[in-house]
Amino acid sequence: MEGTSRADGRNPNQLRPFSCTGNPLHRAHGSARWAQGDTVVLAAVYGPKQGTRKGENPEKASIEVVWKPKTGQIGKQEKEYEMTLKRTLQSICMLNVNPNTTTSVVLQVVGDDGSLLPCAINASCAALTLAGFPLKHLAVAIGCGVMRNGSVILDTTTAEEQELKSFAHLVFPHSRKAVGPKEAKQKDEDFERGLITSITHGVMSEDDYFNCMERGLAASSRISDFMRKTLGKEASSVDA
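The rules we used
Residues numbered from 1 in each chain as written. Predicted model: local features only at pLDDT ≥ 70, side-chain atom pairs only at ≥ 80, totals over all residues. Heavy atoms only, no water. UniProt positions renumbered as here; feature names shortened; annotations may be inferred. Salt bridge = Lys/Arg side-chain N within 4 Å of Asp/Glu carboxyl O. Helix = DSSP H or I, 4+ residues; strand = E, 2+ residues; numbered from the N terminus. Buried < 20%, exposed > 50% of the residue type's maximum accessible area, 1.4 Å probe, protein only. Pairing = 2+ DSSP bridges. Axes fitted to C-alpha atoms, helices over the stretch in contact; angles between N-to-C directions. Contact = heavy atoms within 4.5 Å. Disulfide = S-S within 2.5 Å.

Going by what an unreviewed UniProt entry lists, the chain is known as Exosome complex exonuclease RRP46 homolog and is assigned to Urochloa decumbens. The record in UniProt for the chain states the following under Sequence similarities (unreviewed entry): "Belongs to the RNase PH family."

Structure (structure tokens):
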């Protein structure tokens, strides 16, 4: 199965071309446009502003996530995306640094051709970093799909997702030490073996899940390296 070609010519482990544009929105405190193939999400960070939302702990910083679909009104799926994003971002943010404040992360879907939630998580992490929000580590997300013939493919398109037996959206922690240009050669490989978020849909065996984990972790390292280089260049241009 490893050599099997997909409809767009990729092999099972091959990711679509991805890109990240730093701070395209000048009124936001930090923003990023993240693209994986034709899936594109624009993330903007506003805050921190004083005060927390009702029901939030005032002794910690609060993270608010707002999802804006490409067209139409927000539905059940988008609400689930908001909740998953909020929990994921809360886990990587240092919430004790700015207590009794709220930071808003606004996601605008520009294009959706599959693996939308992982793309949005990557965009959010990049935007928070560019906003200078204190993070414990980077969050890197990848979509893994299990085809009906049992093969596992990465970074699924919409057409592929319609044929999947099951899929997993996995978010891995990666050290952010290399974001700054002065620390570009530092690495923490042991740290990068954890898992922040795992969302599965469909019928997935234990072997399928751990296969997705192994493939996803390897792919997340490639995305992390790209994110570090991109954010490092942005940091260098700001310092200059």
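Alright, that's what it looks like, and here's the rest.
Engineer: Which residues make up the pattern of salt bridges, and what values go with them?
Structural biologist: Going through the model one piece at a time under the given rule, you end up with 11 salt bridges. Between Arg6 and Glu160 there is a salt bridge, with its nearest N and O atoms 2.8 Å apart. Taken as a pair, Arg6 in the segment before strand E1 (18-22) and Glu160 in helix H3 (residues 158-161) lie far apart in primary sequence, 154 residues in all. In this structure, Arg6 and Glu160 share a single accessibility class: buried. Put simply, Lys165 and Asp208 hold a salt bridge, and the shortest N to O gap is 3.5 Å. Here Asp208 lies in helix H4 (residues 206-239) and Lys165 lies in strand E8 (residues 164-174), a separation of 43 residues in the sequence. Several salt bridges share partner residues, and in doing so they unite Arg6, Asp8, Arg10, Arg16, Asp113, Asp155 and Glu160 into one network.

Engineer: Lay out the sheet that holds strand E7 (residues 152-154) in plain terms, naming residues and giving numbers.
Structural biologist: Taken in spatial order, the four strands of this open sheet run E7-E6-E8-E9, and their pairing is antiparallel. The open sheet has two edge strands, E7 and strand E9 (197-202), and neither has a second partner. Going from strand to strand, the sheet's axes swing by 20° on average, the running direction of each strand aside. Sheet topology note: the strand E6 (residues 138-147)/E8 ladder contains 10 bridges and is antiparallel. Directly across from Val146, in E8, lies its bridge partner Ser166. Strands in contact with helix H2 (residues 116-130) are E6 and E8; relative to E6, the strand with the most contacts, it is inclined by about 170°.

Engineer: Can you explain the state of the cysteines? Please cite residues and give values.
Structural biologist: Enumeration according to the criterion identifies zero disulfides in this entry. The closest cysteine sulfur to the non-disulfide-bonded Cys119 is located on Cys20, 9.7 Å from its own sulfur. Counting only cysteine sulfurs, Cys144 is the nearest neighbor of Cys212, a cysteine outside any disulfide, at a range of 4.8 Å.

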